[in-house]
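Coordinates in review
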Amino acid sequence: MTSKLLFTTVFIFCGVFASAQNKYEREYRIKKSQFPEKALTYIQEKLDDARRIRFYKETDSTKISYEAKFKKDRLKYSVEFTEDGTLEDIEILIKPIDIPNDAFNKMNTYLRDNFVKYRIRRMYQQYPVGEYDVETTIKNAFQNLMLPYIKYGFIVSGKKDKAYEQFEILFNSEGDFEKLRKSLPPNYDHVLY
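Residues numbered from 1 in each chain as written. Predicted model: local features only at pLDDT ≥ 70, side-chain atom pairs only at ≥ 80, totals over all residues. Heavy atoms only, no water.

As paired strands, strand β9 (residues 164-172) and strand β10 (residues 177-183) are joined by six bridges and run antiparallel to one another. Counted as the bridge partner of F171 is F177 from β10. Here β9 folds back onto β10 in antiparallel fashion, the turn holding four residues, of which G175 has a positive phi close to 95 degrees. (Pairing = 2+ DSSP bridges. Helix = DSSP H or I, 4+ residues; strand = E, 2+ residues; numbered from the N terminus.)

Below you can see the structure in the form of structure tokens.
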């Protein structure tokens, strides 16, 4: 009886762990009035000269978050907050030229080594909260500073075995691999930016 219970426990744990590596998220466009007030106070002055401002509620398999997406100074920003309005990170859409050559070469080597074929669909530079306080993180992101704690994220359509799947891959500022999550293709019934 105990071996059966142990097997069931291990089976459930493995299933939970495997699904934790997948990203099942969906974004819903919301009104500004539905966005957490605390979150708006952090970015209100940044929105004054921003264009194409959109607010989203994002649900995934583990949490609910809120995102403000906008264009400012010819850059596309995504500022993500927790449900209670705490800043999680700021992302800026980038191109390969925006990544230092040595780091980008390491990232490409990782992609070549881990996929039969791949296509980079989107890249972003991420300023996570944690290394600095919220105000400093916001200041650094909106100055687009190249700091040692930033991350680079790639959304990749990649072929590992027989079929293409979509992945979100995170690298550190040196180009070293940090994390890979399989993601479902997003629902494009909204404008990304």
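For the structure on display, the rule yields 16 aromatic pairs. Considering the side-chain rings of F35 and F55, the 4.9 Å spacing of their centres and the 55 degrees angle between planes classify their relative orientation as tilted. One end of the pair, F35, is in the loop between β2 (26-30) and α2 (37-47); the other, F55, is in strand β3 (residues 51-59), with 20 residues separating them in the sequence. Given a relative accessible area of 3%, F35 falls into the buried group. Aromatic side chains Y127 and Y149 sit 6.4 Å apart centroid to centroid with 75 degrees between the ring planes, which places their arrangement in the edge-to-face category. A residue pair is termed long-range when its members are at least 10 positions apart, and Y127 in strand β7 (residues 117-128) and Y149 in the loop between α4 (134-142) and β8 (151-159) qualify at 22 residues. Following the ring pairs from residue to residue traces out a cluster consisting of F35, Y42, F55, Y66 and F81. Over the ring of F167 we find K160, and its NZ or CZ is 5.8 Å from the ring centre. (Phe/Tyr/Trp six-rings, centres within 6.5 Å; stacked < 30°, edge-to-face > 60°. Buried < 20%, exposed > 50% of the residue type's maximum accessible area, 1.4 Å probe, protein only. Lys NZ or Arg CZ within 6 Å of the ring centre and 35° of its normal.)

This next bit is on the pattern of salt bridges. Using the criterion set out here, one finds nine salt bridges in the structure. Across the pair K46 and E45 runs a salt bridge whose closest N-O atoms are separated by 4.0 Å. The exposure class assigned to K46 is buried, which follows from its relative accessible area of 18%. In this structure, the salt-bridge partner of K63 is E88, at a minimum N-O distance of 3.0 Å. With a gap of 25 residues between them, K63 in the loop between β3 and β4 (64-72) and E88 in strand β6 (residues 87-94) connect regions that are remote in the sequence. (Salt bridge = Lys/Arg side-chain N within 4 Å of Asp/Glu carboxyl O.)

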